[in-house]
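In case you want the letters, here they are:
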Amino acid sequence: MFPRRPPAGLAAWLVGAAAAGRAGARGGGLLALLANQCRFVTGLRVRRAQQIAQLYGRLYSESSRRVLLGRLWRRLRGRPGHASALMAALAGVFVWDEERIREEELQRSIDEMKRLEEMSGMFRSSGVERHPPEPKSQTEGIEDSGGKEQPWEMVMDKKHFKLWRRPISGTHLYQYRVFGTYTDVTPRQFFNVQLDTEYRKKWDALVIKLEVIERDVVSGSEVLHWVTHFPYPMYSRDYVYVRRYSVDEENNVMVLVSRAVEHPSVPESPEFVRVRSYESQMVIRPHKSFDENGFDYLLTYSDNPQTVFPRYCVSWMVSSGMPDFLEKLHMATLKAKNMEIKVKDYISSKPLEVGSEAKAATPSSERKSEGSCGPAHIEYA
């Protein structure tokens, strides 16, 4: 009886190991041998994971895979290597358990607005400019190497609008904060215009593409793909981000929080530069009610547009671009109000509140499959 022939991959590895052993005998190649073995084991595990993903892809529907991957994520979460994240990526499933925007994130933004209101005695006085003092506390995560919070710097001070910035430690970027007031539109109109993706395609000429990719039935969070023009000669940028909004009628406040995520159905395109670091929090406080003119808003924003321009150039672009965007948003709200353009009322159709952790998330009817493109290979501009 003849011995079984070893698999081709194993035979190749044995040959390589023998060669490495001979080299080690000549000059201390033990570390190289161990490194080769580690690479071989890692390759086997990756191929095994791909085979499992393909098998489940054939056996289960997309909704079934979501439930299965969600359970695996919860079971393996916190273990070294995050095996569940690897499996989710290989199976092409977006795992909401880790990526949805939670109540705590919304509440942090609301608390910051409350803090600014408490600092300013002018907020309750009608007919008086509603500008708070320079902010002193900061959002989590913006600290210097000594663990101290970075101070805010005033960039722009206008009648209905103030803009601050502060450096993000370890980068050449800034975080920005805008506090402003509008008295000629209602909070409901302003809020709805921000959220209506179809209307934005009409009033924002920079938008190339803006669509909802997927929605979470648990929290109401949505994943969006946004492609936008950047000033010439820079390439267009694209963002994949999750957003969630909340309307608290009892406490008379609205909040919209967004941050960048990765989604398997929107791979990088060689046509655009993918922005992977992006956060935005908008809090709106009506002066009276959601349907009466007048409100204050607080916008905190940061992103990394991945340009090769110096810090001061990027800072200038953002500092000038943010007021311009807010004014376009304001004018679009006025236009919707005066011309009675139909805009979806997101307040009346607000998402479900988070209760017990549900097991499923449903894809949006707006979801569209993207072509399979590799990572972008263009120089950032």
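Here the structure is shown first, and the text comes after it.
Residues numbered from 1 in each chain as written. Predicted model: local features only at pLDDT ≥ 70, side-chain atom pairs only at ≥ 80, totals over all residues. Heavy atoms only, no water.

### A short note on the pairing of strand β2 (residues 161-167)
The side chains of a regular strand alternate between both faces of the sheet. Counting buried residues in β2 gives six out of seven residues, a clear majority hidden from the surface. In this sheet, β2 lies alongside strand β1 (residues 153-158) in antiparallel orientation, the contact comprising five bridges. The residue of β2 that forms the bridge with Asp-157 is Lys-162. Where β1 folds back onto β2 in an antiparallel hairpin, the turn is made up of two residues. One ladder, built from seven bridges, connects β2 with strand β3 (residues 174-182); its direction is antiparallel. Bridging across to β3, Trp-164 finds its partner in Arg-177. What sits between the antiparallel neighbours β2 and β3 is a turn of six residues, in which Gly-170 has the positive phi angle 85°. (Buried < 20%, exposed > 50% of the residue type's maximum accessible area, 1.4 Å probe, protein only. Helix = DSSP H or I, 4+ residues; strand = E, 2+ residues; numbered from the N terminus. Pairing = 2+ DSSP bridges.)

### Here's the deal with the packing of aromatic side chains
As enumerated under the stated definition, the model contains 14 aromatic pairs in all. Relative to Tyr-297, the ring of Phe-190 has its centre 6.0 Å away and its plane inclined at 35°; by these criteria the two rings are tilted. Remark: Tyr-297 occurs in strand β10 (residues 295-303) and Phe-190 occurs in helix α7 (residues 187-195); sequence separation between them is 107 residues. Residue classification places Tyr-297 among the buried positions, given a relative accessible area of 0%. (Phe/Tyr/Trp six-rings, centres within 6.5 Å; stacked < 30°, edge-to-face > 60°.)

Such coordinate-based values are descriptive only and should not be taken to indicate function.
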